[in-house]
Amino acid sequence: DGGITQSPKYLFRKEGQNVTLSCEQNLNHDAMYWYRQDPGQGLRLIYYSQIVNDFQKGDIAEGYSVSREKKESFPLTVTSAQKNPTAFYLCASSMARGNSPLHFGNGTRLTVT
Amino acid sequence: GESVGLHLPTLSVQEGDNSIINCAYSNSASDYFIWYKQESGKGPQFIIDIRSNMDKRQGQRVTVLLNKTVKHLSLQIAATQPGDSAVYFCADCSTGANSKLTFGKGITLSVRP
């Protein structure tokens, strides 16, 4: 079945360590996104990519980095510079940016202690 | 800044009744709107979308109404079932060069048996 796969579902790290969250899609979508979700808040855009080898900062990019070497993959690295990294991270993809629905993965819950 | 918001944080309905979830948006340039459903521990799931050239769109047991005059969006769920219990998000977008989906904070729908 086509879809978006995020792994792992739960991730635990010590403060000061970088961690990379995986996102793979087989929907043949050009655009991919990373969102952060905190309790009581809406989804906040971290980074997005409309095409391979290109990506743009979203609203809260500080402390995060991404790469888009393949159309199917858009990994997110949470660096030690991110002050509040504990959150639920959602990856999404769409056919085209802005006028088509996003398809979401089931998220990765990152806990940093 | 411009944002999408929801009027109520929670909504409790009796099983079998109809549910109406409301959303206000502030970006007058928005021309594409989406409703998502998010179950606990999962990513948001697309429910229905509507473009600004329409006032109403129907899906299976769901109807989305758009009132551009007052910048209001609603999701109606007919014959609400226990499986409808979830958090519902509205999102809007203006399909320009810098288009970006803006998500509301979400409303919890609780279905009483």
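Counting residues in each nonpolar core, the largest one holds 21 residues, and the members touching the most others are I21, W35, L73, L75, Y88 and L109 of chain B. Of all the elements in the fold, those that place two or more residues in this core are strand 2 (10–14), strand 3 (19–25), strand 4 (32–38), strand 5 (45–51), strand 7 (62–67), strand 8 (72–77), strand 9 (86–93) and strand 11 (107–112) of chain B.

What follows concerns the sheet that holds strand 8 (residues 76–78) of chain A. Residue and element names in this part refer to chain A. Spatial strand order, 1-3-8-7: four strands in an open sheet with antiparallel pairing. Bordering the open sheet on either side are strand 1 (4–7) and strand 7 (64–66), each of which pairs with just one other strand. When the angles between neighbouring strand axes are averaged without regard to direction, this sheet yields 20 degrees. Sheet topology places strand 1 next to strand 3 (residues 19–25); four bridges connect them, and they run antiparallel. Directly across from I4, in strand 3, lies its bridge partner Q25.

Attention shifts here to the side chain of Q82 of chain A. Tracing the chain through its elements places Q82 of chain A in the loop between strand 8 and strand 9 (87–94). Leaving out residues up to four positions away in the same chain, Q82 of chain A has contacts with R36, E62, G63 and Y64 of chain A.

Once that is clear, we can look at the pattern of salt bridges. All names here are of chain A. Taken as a whole, this structure holds eight salt bridges over all chains when the rule is applied. Here K71 makes a salt bridge to D30, at a shortest N to O gap of 3.4 Å. With a gap of 41 residues between them, K71 in the loop between strand 7 and strand 8 and D30 in the loop between strand 3 and strand 4 (31–37) connect regions that are remote in the sequence. Accessibility expressed as a relative area gives 37% for D30, which makes it partly exposed. For R36, the salt bridge is made with D38, and the minimal N-O distance between the two is 2.8 Å. Each member of the pair R36 and D38 is classed as buried.

Thresholds, definitions, all that
- Residues numbered from 1 in each chain as written.
- Chains lettered and ligands numbered in written order.
- Predicted model: local features only at pLDDT ≥ 70, side-chain atom pairs only at ≥ 80, totals over all residues.
- Heavy atoms only, no water.
- Core = buried A, V, L, I, M, F, W, Y, C linked by side-chain atoms within 4.5 Å.
- Buried < 20%, exposed > 50% of the residue type's maximum accessible area, 1.4 Å probe, protein only.
- Helix = DSSP H or I, 4+ residues; strand = E, 2+ residues; numbered from the N terminus.
- Pairing = 2+ DSSP bridges.
- Axes fitted to C-alpha atoms, helices over the stretch in contact; angles between N-to-C directions.
- Contact = heavy atoms within 4.5 Å.
- Salt bridge = Lys/Arg side-chain N within 4 Å of Asp/Glu carboxyl O.

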